[in-house]
Structures are given as C-alpha cells and as structure tokens.
Amino acid sequence: MKAITLRNVYYSFDNTFVLENINLEIQQGDYLGIVGPNGAGKTTLLRLILGIIKPHRGQVLIYGQNPEDYLKSEPIGYLPQRISQTLYDFPITVQELVKSGWKKIKKENFEWALDVFKISHLRKKTLRELSGGQRQKAFLARALALRPRILLLDEPTTGIDPYSMEGLLKILESLNRDFAITIVVVTHDIGTFAHEAKCILCLNRRVVCLGEPRKILKDEYISMLYPERTIFPHKDA
Ligand SMILES: Nc1ncnc2c1ncn2[C@@H]1O[C@H](COP(=O)(O)OP(=O)(O)O)[C@@H](O)[C@H]1O
Ligand SMILES: [Mg+2]
C-alpha cells in the first residue's frame, strides 16, 4: 500500500528550484533514509510531505489524499531539524511537551511514547533540566504519542552521543518492524543508516539515486552525491 507519493514535484525559493522533478513512492512499512549535502532540499521535501508548503508543480499524496486533507483525520509524526537544540530553554515539562503534539493525546499513547523512549521518570522535568539527548527523546516521544502511521525525522542523530544513538536506532527499528510505522529519516550518518534503513534516497535537488543501501553505497553514487567526499568517516579512516 502506498503511504507517500510524490509525482513530478518542483519547489522553488526566489525563482530558484531547490527541488526538481521529484518522483518518489514510499510504501507502508518502508524505512527510508534520505541523504544529501547541505542545501540539497531534504528538509524542504519533508515539509512538502507534511503539507506545510505546497509544490509549485506536481503532486504530493499521503494515502491517496492531499496532505492537508489527510491531516484532518490522521496525524503524521515529525521531528523538525535541530528542534531539541533550538527549544532547549522552553519553560514546559516533558509531559506538557509530549501532550502538545495533537488536539487530544490518548493517555495510553502518551504513556507508551514515554515508555518507548525510556523517559517516564523525566515527565515532571522542564526542558532546561534535561541533557541534550533526553530533550531529543522528549521531542521524539511527542511525535510518537500521536500514534502516527508515518514518522518523519529530520537529522535525529545530530547532537546525541553514540550510546543514545544506538538506543535510538534500536527503537526506530522496532517501531518499523513491530508497529509497521513507515519511517523517513533525513541523516548525514549514511554509514549507520545503511545498516538500518531498507532503502536510501540520495537527494541533491533531484533524485540522484534510490534503492537498497548495498546498491547505493557503491562509490559511483556516493561520488555523484558528494563530489568532495570528505564527510564519510569510512573514506577518511
Ligand atoms: N525559507 C527559505 N527561504 C529561501 N530559501 C530557502 C528557505 N528554506 C530553504 N531555502 C533554501 O532551499 C535549499 C534547500 O534547503 P533545505 O531543504 O533546508 O536543504 P537541506 O535540508 O537538504 O539542507 C537551500 O538552498 C536553502 O538555502
Ligand atoms: Mg535540512
């Protein structure tokens, strides 16, 4: 079943296309990693899927509906880029934050989301009392408490330590496998997500390549995507 469809999607800022002719089909239960250099249009792509912005040409469909129609009855979980670093001093508690994602969060889903990210004990703490990793988990729990069928994560591993990162990867894998949540994750950790995601999209204004990680990790694609090839630890090592 198709969860997300983009057909001939174009988007521009100030008369410059930042996304061109994007065609993409994400099936229910997929786990897609999106990689690409800064400015490639990754965040813009997520915002199009969420209906926050509309394509200048082409079409975005969520389960066959326009995002705004879909969102009238169904939530989409979203972790915006750098949100936990930006809203670090927000004067609300974890519990208030997690409940703030949607009109009415069911108690069982709220408890489940706290439990998944192992932050139940932190519910009364304010955001400024948390470590960066804990705050990131609180924002992730906020997205998950909606019980969404689709989870969009924009660079969720930025700024968290390797231990938290490993935990996060396990959680995402379980949400995808055990709860059939469709996951789309924007990341610079291509080496890591190549082992996790079922499919990788290399984006640089256009779809550079799309497919299974083992196919995408071939040098020819990587060099097409990142001509300088400086940000891959396995290349520098
Ligand atoms: N609000 C905006 N106004 C003008 N240009 C923007 C705006 N948001 C993003 N852009 C531009 O669009 C391009 C894609 O941005 P973005 O989707 O954030 O890329 P990525 O997430 O891959 O780093 C960049 O060149 C960026 O400068
Ligand atoms: Mg971005």
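Worth saying up front: this structure is predicted, and the values here are computed from it rather than measured.

A closer look at the site of ligand 1
Then, in step 1: F13, V18, P37, N38, G39, A40, G41, K42, T43 and T44 make up every residue found near ligand 1.
Then, in step 2: Between an oxygen atom of ligand 1 and a side-chain N or O atom of T43, the distance comes to 2.9 Å.
Then, in step 3: Across the complex, the protein chains shield 58% of the 570 Å² of accessible surface that ligand 1 would expose by itself.
Then, in step 4: Ranked by the residues each element gives to the shell around ligand 1, the list is headed by helix α1 (residues 42–49), at three residues.
Then, in step 5: Taken together, the residues of the shell around ligand 1 break down into four nonpolar, five polar and one charged.

Structural notes on the sheet that holds strand β2 (residues 16–27)
Then, in step 1: Overall, antiparallel pairing links the three strands, which are arranged β2-β1-β4 in an open sheet. Every interior strand has two partners, whereas the edge strands, β2 and β4 (57–62), have only one. Between one strand axis and the next, the sheet turns through 15° on average, direction left out of account.
Then, in step 2: Across eight bridges, strand β1 (residues 2–13) lies against β2 in antiparallel orientation. From the neighbouring strand, Y11 faces β2, where its bridge partner is L19.

Topic: the domain arrangement of the protein chain
Then, in step 1: According to the domain assignment, the protein chain consists of domain 1 (2–76 + 150–236) and domain 2 (88–147).
Then, in step 2: Its C-alpha centre places domain 1 at a distance of 24 Å from the equivalent point of domain 2.
Then, in step 3: Contacts between the two partners involve 16 residues from domain 1, matched on the other side by 12 residues from domain 2.
Then, in step 4: Note on domain 1 versus domain 2: buried area summed over both sides is about 1100 Å², and carbon and sulfur give 77% of it.

Observations concerning helix α7 (residues 162–178)
Then, in step 1: The first and last C-alpha atoms of α7 sit 24 Å apart over 17 residues, in line with the 24 Å expected at 1.5 Å per residue.
Then, in step 2: Within α7, the full set of buried residues consists of S164, M165, L168, L169, I171, L172, L175 and N176. Projected down its long axis, α7 carries its buried residues within an arc of 165°, all on one side. Summarising the geometry of α7, the exposed residues directed more than 90 degrees from the buried face are P162, Y163, K170 and R177.
Then, in step 3: Measuring from the side-chain oxygen of the N-cap residue of α7 to the backbone nitrogen of Y163 gives 3.0 Å; that N-cap residue is D161.
Then, in step 4: Just downstream of α7, A180 is the residue with a positive phi angle, here 50°.

Structural notes on unusual backbone geometry
Then, in step 1: If you check the backbone angles, R147 has positive phi at about 55° while not being a glycine.
Then, in step 2: Its location among the elements puts R147 in the loop between α6 (132–144) and β6 (150–154).
Then, in step 3: Unlike most non-glycine residues, A180 shows phi in positive territory, near 50°.
Then, in step 4: Structurally, the position occupied by A180 is in the loop between α7 and β7 (182–186).

Quick look at α6
Then, in step 1: Here α6 is 13 residues long and its end C-alpha atoms lie 18 Å apart, about the 18 Å a rise of 1.5 Å per residue gives.
Then, in step 2: The set of residues buried in α6 consists of G133, R135, Q136, A138, F139, L140, A141, A143 and L144.
Then, in step 3: Against the buried residues of α6 lie β5 (77–79), α3 (83–86), α4 (94–99), α5 (107–116), β6 and α7.

A few points about the nonpolar core
Then, in step 1: Among the nonpolar cores identified, the biggest contains 48 residues, and F117, L144 and L175 are the most heavily contacted of them.
Then, in step 2: Both of domain 1 (2–76 + 150–236) and domain 2 (88–147) provide at least three residues apiece to this core.
Then, in step 3: One finds V18, I22, L46 and Y63 within the second-largest nonpolar core, a separate group that totals 30 residues.

The rules behind these values
Residues numbered from 1 in each chain as written. Chains lettered and ligands numbered in written order. Predicted model: local features only at pLDDT ≥ 70, side-chain atom pairs only at ≥ 80, totals over all residues. Heavy atoms only, no water. Near = heavy atom within 4 Å. Polar contact = N/O pair within 3.5 Å; in protein donor to acceptor, adjacent residues only side chain to side chain. Areas by Shrake-Rupley, 256 points an atom, 1.4 Å probe, with all protein chains shown as cover. Helix = DSSP H or I, 4+ residues; strand = E, 2+ residues; numbered from the N terminus. Nonpolar A, V, L, I, M, F, W, Y, C, P; charged D, E, K, R; others polar. Pairing = 2+ DSSP bridges. Axes fitted to C-alpha atoms, helices over the stretch in contact; angles between N-to-C directions. Domains from an automatic or database assignment. Contact = heavy atoms within 4.5 Å. Buried area = accessible area lost by both parts, 1.4 Å probe. Expected span 1.5 Å × (residues − 1). Buried < 20%, exposed > 50% of the residue type's maximum accessible area, 1.4 Å probe, protein only. Arc of directions from axis to C-beta. Core = buried A, V, L, I, M, F, W, Y, C linked by side-chain atoms within 4.5 Å.

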